[in-house]
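A closer look at the structure
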Amino acid sequence: IAGITQAPTSQILAAGRRMTLRCTQDMRHNAMYWYRQDLGLGLRLIHYSNTAGTTGKGEVPDGYSVSRANTDDFPLTLASAVPSQTSVYFCASSDDRGTTQYFGPGTRLLVL
Amino acid sequence: EDKVVQSPLSLVVHEGDTVTLNCSYEVTNFRSLLWYKQEKKAPTFLFMLTSSGIEKKSGRLSSILDKKELSSILNITATQTGDSAIYLCAVDRFQGGSEKLVFGKGTKLTVNP
């Protein structure tokens with residue numbers, strides 16, 4: 001693989017269900033991010049990780065959790081999905097210089 | 001509160017026109033300003049600007065930062081239908097040992113043939 005991959009591409013989920021969105025990068029970037037993109041609100045940061053083993057909260061962290069067990073993977077978990085979490089989710093990563101964030105292809109999530 | 005404001009929110013032009021997209025910001029610990037192009041899926045990187053007054057250019061696209069005015073513009077000359085996209089401006093700020101991007105809501109550009 002080259003760059004950042006996300007899975008699934010899209011998902012329909014019943015409210016109350018647990019869901020993990022996967023993100024993997026092969027660029028050996030230390031920093032990784034999760035954003036959600038909603039019409040009229042733009043991209044908003046959910047959680048981030050500076051390096052493996054550390055995570056931090058972004059602008060809209062409630063209802064989401066992340067883990068960073070290794071450099072490559074940064075899964076985002078919705079413990080009990082709610083309809084307001086319907087969105088497009090983007091994972092991103094950046095190198096140590098922090099110059100540019102590279103985005104994955106996104107996961108489109110619909111919570112009913 | 002950090003914020004990034006883009007204008008216009010949407011723009012419809014004809015092929016061959018020149019457009020200017022605007023981005024203004026109010027953030028603490030500014031590091032750089034970035035422009036992204038988003039078509040159907042993920043945003044793709046266009047430019048990163050760190051110094052005032054130095055134009056970055058790539059083909060028909062160019063961008064410049066004005067740190068005094070806390071703003072940036074993205075110019076597209078001789079527009080083509082393939083330029084139709086949402087253009088996102090983001091400001092990179094350093095906080096808590098990590099850089100974080102604050103995004104504007106984007107400008108939706110439609111180029112008609």
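Description of the structure in this document. Just so you know, these numbers come straight off a predicted model, no measurement behind them.

**As for the overall build of chain A**
The secondary structure content of chain A amounts to 0 helices and 11 strands. In chain A, the succession of α and β elements from N to C terminus is β-β-β-β-β-β-β-β-β-β-β. Computed over its C-alpha atoms, the radius of gyration of chain A comes to 13 Å, within 12% of the 13 Å expected for a compact globule of 112 residues. Per-residue burial over chain A gives 50% buried out of 112 residues. A separation threshold of at least 6 residues defines the contact pool for chain A, and within that pool the share at least 24 residues apart is 54%.

**Concerning the interface of chain B and chain A**
Facing the 20 residues of chain B at the interface are 20 residues of chain A. Summed over the shared surface of chain B and chain A, the result is 0 salt bridges. There are 3 residue pairs in polar contact (both at pLDDT 80 or more) connecting chain B and chain A. Contributing elements (two or more residues each) for the side of chain B that touches chain A: β4 (30-38), β5 (44-49), β9 (85-95) and β10 (98-103) of chain B. Partitioned by chemical class, the residues of the side of chain B that touches chain A number 9 nonpolar, 5 polar and 6 charged.

**So, the sheet that holds strand β3 (residues 19-26) of chain B**
All names here are of chain B. On the basis of which strands lie adjacent, the open sheet formed by 5 strands has the order β1-β3-β8-β7-β6 and antiparallel pairing. Looking at strand neighbours, the two that pair on one side only are β1 (3-7) and β6 (56-58), the edges of this open sheet. Ignoring which end each strand starts from, the neighbouring axes of this sheet average 15 degrees apart. Note that β6 and strand β7 (residues 61-66) share 3 bridges and pair antiparallel.

**Describing the sheet that holds strand β1 (residues 4-7) of chain A**
All names here are of chain A. In spatial order, the strands read β1-β3-β8-β7; together these 4 strands make up an open sheet with antiparallel pairing. In this open sheet, the two strands that pair with only one neighbour each are β1 and β7 (64-66). Here the average twist between neighbouring strands, direction ignored, is 20 degrees. As judged from the 4 bridges shared by β1 and strand β3 (residues 19-25), these two strands associate in the antiparallel manner. Counted as the bridge partner of Gln6 is Cys23 from β3.

**Quick notes on the environment of Ala15 of chain A**
Residue and element names in this part refer to chain A. The residue Ala15 is located in the loop between β2 (10-13) and β3 in this model. Ala15 gets classed as partly exposed once you look at its relative accessible area, which sits at 42%. Sequence separation of Ala15 and Gln85 is 70 residues, and the distance between their C-alpha atoms is 9.5 Å. Not counting residues up to four positions away in its chain, the partners in contact with Ala15 are Ala81, Pro83, Val111 and Leu112.

**Remarks on the side chain of Gln101 of chain A**
Relative to the elements of secondary structure, Gln101 of chain A occurs in strand β10 (residues 101-103). For Gln101 of chain A, the side chain forms a polar contact with the side chain of Tyr35 of chain A, separated by 2.7 Å.

**A look at the pairing of strand β5 (residues 42-49) of chain A**
Residue and element names in this part refer to chain A. Across the 8 residues that make up β5, a large majority, 8, are buried. Bridge count for strand β4 (residues 31-38) against β5 is 7 bridges, and the pairing is antiparallel. The partner of Asp38 across the bridge, within β5, is Gly42. The loop that links β4 with its antiparallel partner β5 comprises 3 residues; one of these, Gly40, has a positive phi angle of about 85 degrees. Sheet topology note: the β5/strand β6 (residues 56-57) ladder contains 2 bridges and is antiparallel. Opposite Tyr48, over in β6, you have Gly56 as the bridge partner.

Quick notes on the rules
Residues numbered from 1 in each chain as written. Chains lettered and ligands numbered in written order. Predicted model: local features only at pLDDT ≥ 70, side-chain atom pairs only at ≥ 80, totals over all residues. Heavy atoms only, no water. Helix = DSSP H or I, 4+ residues; strand = E, 2+ residues; numbered from the N terminus. Rg over C-alpha atoms; globule rule 2.2 N^0.38 Å. Buried < 20%, exposed > 50% of the residue type's maximum accessible area, 1.4 Å probe, protein only. Contact = heavy atoms within 4.5 Å. Salt bridge = Lys/Arg side-chain N within 4 Å of Asp/Glu carboxyl O. Polar contact = N/O pair within 3.5 Å; in protein donor to acceptor, adjacent residues only side chain to side chain. Nonpolar A, V, L, I, M, F, W, Y, C, P; charged D, E, K, R; others polar. Pairing = 2+ DSSP bridges. Axes fitted to C-alpha atoms, helices over the stretch in contact; angles between N-to-C directions.

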